[in-house]
Each structure stands twice: as C-alpha cells, then as structure tokens.
Amino acid sequence: MHMLKSDFYYDLPEELIAQTPVEPRNSSRMMKVDRKSGDIEHSHFYNLCDYLKKGDLLVMNDSRVLPARLYGEKEGTGAFMEFLLLEQKGDKLWEILVRPGKKAKPGTKFVFGNGRLRAEIIETVNDGNRIAKFECEGNFFTALEDVGQMPLPPYITHKLEDKERYQTVYSRELGSSAAPTAGLHFTKEMLEDLKCKGINLAYVTLHVGLGTFRPVKEDNILEHKMHSEHYHLPQETADLINQTKQNGGRVIAVGTTSCRTLESVATFNNGEFKESEGYTDIFIYPGYEFKAIDGLITNFHLPESTLIMLVSAFMGYENTMNAYKKAVEERYRFFSFGDAMLIL
C-alpha cells in the first residue's frame with residue numbers, strides 16, 4: 001500500500017498546542033476511541049478506570065528524561081554556547097548537538113554552571129554532531145541535574161517552572177531526550193487506585209531519542225529511516241504479559257514508546273515475551289500487524305509524524321483522521337503537555 005506523508009496531515013490551530021501542563025496531572029481530558037467502530041466518547045483522564053477491567057495490564061515506560069540542555073560559555077572568550085546531550089558514548093563521553101556549531105572545533109573547552117561542569121570537544125561526527133568529554137566533581141548525572149535544563153520540544157516556548165513536571169511520576173531509569181508523554185497524566189494516587197481495582201502495572205524502559213521529533217522528509221513514508229532507541233523489557237514484565245494473555249486480559253501500552261518496545265520484543269521473538277534488551281528502530285504504519293498490544297493510551301501527535309502513523313496502524317486510518325478532526329473541533333489540547341486518547 002502506497003502511503004504519502006501528506007495523507008497524515010491535519011490542520012491544527014496554533015492555540016491548541018499546549019504550552020503548559022494542567023494541574024492536577026490527571027485532570028486532562030481524554031478521548032476514548034473504539035478502534036473497531038471509530039466511535040468516540042469524551043471523558044477525563046481521572047475516569048480511566050471506568051474503561052478498564054480487572055486483569056488488564058498497563059505497560060509503562062519508566063525512562064527518565066535527562067536535563068540534557070546545557071547553557072554555558074567558551075573558555076577564554078566567554079562566548080555563549082548551547083549543548084544538547086544526545087547519546088552517551090562512554091564514561092562522561094557524549095554525542096552532542098552544539099549551537100553555534102562553528103565555535104566548537106575539536107580541542108575547544110566549555111564551562112557550565114560556574115564550573116560545576118566542564119567539557120572539551122573531542123571530534124566532529126556525522127550530521128555535524130560533536131563528541132564531548134565532560135568533567136566535574138562527583139557524579140556526572142548529579143551535576144547534570146544541577147546545571148541542565150529540560151530539553152522541551154521546539155513547539156513549547158514557555159519556560160517550565162518545575163523540572164519534575166516533564167517527568168512521569170514513575171520515572172526511574174535516566175536516559176531519555178524527551179518524556180514518554182502519555183505517562184504524564186498519571187498521579188501516584190491514581191496508580192495505587194488502579195492496583196486496588198485489580199488492574200496490573202508493568203514497566204519497560206525505552207530511552208526516547210530526539211529522533212522522535214524528527215520530521216518525515218520523504219513523501220513516500222516507506223523511505224523514512226527510523227532512529228534507533230535502546231530498550232529493556234524485564235523478566236517480571238514478560239511474566240505479567242504472558243499471564244495477562246493467558247487469562248484473557250488486555251495488554252494496554254501507555255504511550256507509543258511502550259508500544260514500540262512491546263511490538264519489537266514480540267517481533268524479534270516470534271510473538272514470545274521474555275526478558276530482552278537491545279536497540280529498536282521499528283517503524284509502525286498502516287498495514288502493520290500488531291503482535292503484542294490490545295489497547296493504547298497516547299497523546300495527540302504532530303501532523304505527518306511517525307507517531308500519528310503508528311496510531312493509524314492501530315485503529316485504522318479513517319478512524320484516526322476522524323478522531324483528530326473531532327479533537328480540533330472540540331478544542332482538545334495537543335502534543336506533549338496536551339490531552340490524552342484511549343484506544344481500545
């Protein structure tokens with residue numbers, strides 16, 4: 001089936017892009033869509049439990065966002081610099097994106113947070129990214145928590161007052177360049193509540209790369225090259241998935257990142273779930289046969305993004321475009337700090 005990027009375009013008024021998160025977290029709106037019929041109900045996230053059954057399993061991504069944006073200056077000249085940490089390459093060795101790039105030749109040194117963190121550019125790699133070696137007193141990640149800013153997506157222009165608000169309440173494993181945003185709607189109380197009602201919770205880790213925001217450039221979407229991300233599915237989660245499937249419960253992915261982790265594991269292991277770790281560049285678009293999930297909780301995604309393609313694969317192209325049209329009409333809030341969609 002020949003699919004064009006433009007097939008996934010929808011018109012979004014700019015004022016519907018959520019600039020700030022709602023409080024409390026679970027007070028965001030939630031559109032419930034029936035993936036077979038496309039029927040739509042309007043609700044709120046705190047009512048999630050009404051749509052779930054005892055024995056259902058929610059699978060969440062416990063990755064934690066690195067405060068990966070660093071503002072500092074060049075040693076000697078004091079010129080302003082911005083670093084964005086992309087991927088760890090070794091001990092205190094990172095692949096980074098630098099602005100302005102021409103000031104970052106190998107051998108150049110930079111200072112962040114009054115010297116709390118220092119860096120030297122080692123080499124230039126593909127795409128003009130750099131490899132930088134950092135040094136600091138004590139633990140690198142602690143220094144990063146002190147000095148770094150959250151790498152909010154480009155469409156969020158407001159400053160974030162509280163760094164924790166761009167983390168899920170269950171985040172544990174540091175390593176993402178962006179939040180797994182479907183999980184931002186959960187509060188700690190709500191997770192306890194779900195457990196009390198017999199709904200099981202399990203965790204996977206997928207470190208979200210900035211490639212998530214990379215626009216699809218090719219008109220024919222099949223030519224798009226997906227970025228690769230590191231995932232881990234623990235044995236405990238594999239056991240819970242197998243148990244849920246055996247008992248006729250539903251496996252519901254919280255977020256496209258959890259979905260991609262589960263589908264990758266099922267694909268690599270012929271539909272079997274067992275502890276797995278590795279890299280995945282799975283690209284899910286209409287025509288894909290789902291092997292792991294029965295439901296999906298997700299936010300509203302950018303037009304023409306790989307994420308809206310994934311949603312279309314799960315609940316059908318027509319249903320998806322119709323739901324997005326309705327969301328715009330009903331003035332739902334879009335993207336990272338926006339409202340949620342529950343697809344069952």
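Placed above this text is the structure.
Residues numbered from 1 in each chain as written. Predicted model: local features only at pLDDT ≥ 70, side-chain atom pairs only at ≥ 80, totals over all residues. Heavy atoms only, no water.

(A) Region of the structure containing the packing of helix α5 (residues 306–315) against helix α6 (residues 317–329). Relative to each other, α5 and α6 sit at 125°, their axes nearing to 7 Å. Classified by the angle between their axes, α5 and α6 sit oblique to one another. Between α5 and α6 lies a crossing whose hand is right-handed. For the pair formed by α5 and α6, the contact residues are Ile308, Val311, Ser312 and Met315 on the first element and Tyr317, Asn319, Thr320, Met321, Ala323 and Tyr324 on the second. (Axes fitted to C-alpha atoms, helices over the stretch in contact; angles between N-to-C directions. Helix = DSSP H or I, 4+ residues; strand = E, 2+ residues; numbered from the N terminus. Parallel < 35°, antiparallel > 145°, perpendicular 65-115°, else oblique. Left-handed = near helix turned anticlockwise from the far one by under 90°. Contact = heavy atoms within 4.5 Å.)

(B) Up close: helix α2 (residues 188–196). Listing the buried residues of α2 in full gives Met190, Leu191 and Leu194. For α2, the buried positions fall inside an angular range of 100° around the axis, keeping them on one side. Exposed side chains of α2 directed beyond 90 degrees from the buried face belong to Lys188, Glu189 and Cys196. On its buried face, α2 is in contact with β3 (57–61) and β12 (200–206). (Buried < 20%, exposed > 50% of the residue type's maximum accessible area, 1.4 Å probe, protein only. Arc of directions from axis to C-beta.)

(C) Examining the sheet that holds strand β16 (residues 295–299) more closely. The strand order across the open sheet formed by 9 strands is β2-β1-β17-β16-β14-β3-β12-β13-β15, and the pairing between neighbours is mixed. Across the chains shown, the open sheet's two edge strands, defined by having one partner strand only, are β2 (40–44) and β15 (276–280). Here the average twist between neighbouring strands, direction ignored, is 25°. Where β12 meets strand β13 (residues 229–233), 2 bridges bridge the pair, whose relative direction is antiparallel. Across the sheet, Leu206 pairs through a bridge with Tyr231, a residue of β13. Against the sheet, helix α3 (residues 235–246) contacts β3, β12, β13 and β14 (251–254), and its axis sits at roughly 135° relative to β12. Contacts from α6 reach β1 (29–33), β2, β16 and β17 (340–343), with the element oriented near 150° to β1. (Pairing = 2+ DSSP bridges.)

(D) Focus on the sheet that holds strand β10 (residues 130–136). The strand order around the closed barrel built from 6 strands is β5-β6-β7-β10-β9-β8, with neighbouring strands paired in antiparallel fashion. Ignoring which end each strand starts from, the neighbouring axes of this sheet average 45° apart.

(E) Up close: unusual backbone geometry. Of note, the bond from Glu23 into Pro24 is cis; its omega dihedral lies within 30 degrees of zero at -15°. For the bond running from Arg99 to Pro100, omega is -15°, close enough to zero to count as cis. Here Pro100 shows up in the loop between β7 (93–99) and β8 (109–112). Despite not being glycine, Lys92 has its phi angle at roughly 55°, a positive value. Its identity as a non-glycine residue notwithstanding, Glu304 has a phi of 65°, on the positive side. Structurally, the position occupied by Glu304 is in the loop between β16 and α5.

(F) How the structure looks around the side chain of Thr181. Tracing the backbone shows Thr181 in the loop between β11 (173–176) and α2. Thr181 gets classed as buried once you look at its relative accessible area, which sits at 14%. With sequence-adjacent residues up to four places away left out, Thr181 is seen in contact with Asn299 and Ser336.

(G) Seen up close, the pattern of salt bridges. Per the stated rule, a full pass over the model turns up 18 salt bridges. Residues Arg118 and Glu75 are paired through a salt bridge, measuring 2.9 Å at the closest nitrogen-oxygen approach. A residue pair is termed long-range when its members are at least 10 positions apart, and Arg118 in strand β9 (residues 117–124) and Glu75 in the loop between β5 (69–74) and β6 (80–90) qualify at 43 residues. By relative accessible area, Glu75 is classed as partly exposed at 37%. With its nearest N and O atoms 3.6 Å apart, the salt bridge here joins Glu192 to Lys195. Of this pair, Glu192 and Lys195 both sit in helix α2, separated by 3 residues, roughly a single helical turn. Glu192 sits in the partly exposed class, given a relative accessible area of 44%. (Salt bridge = Lys/Arg side-chain N within 4 Å of Asp/Glu carboxyl O.)

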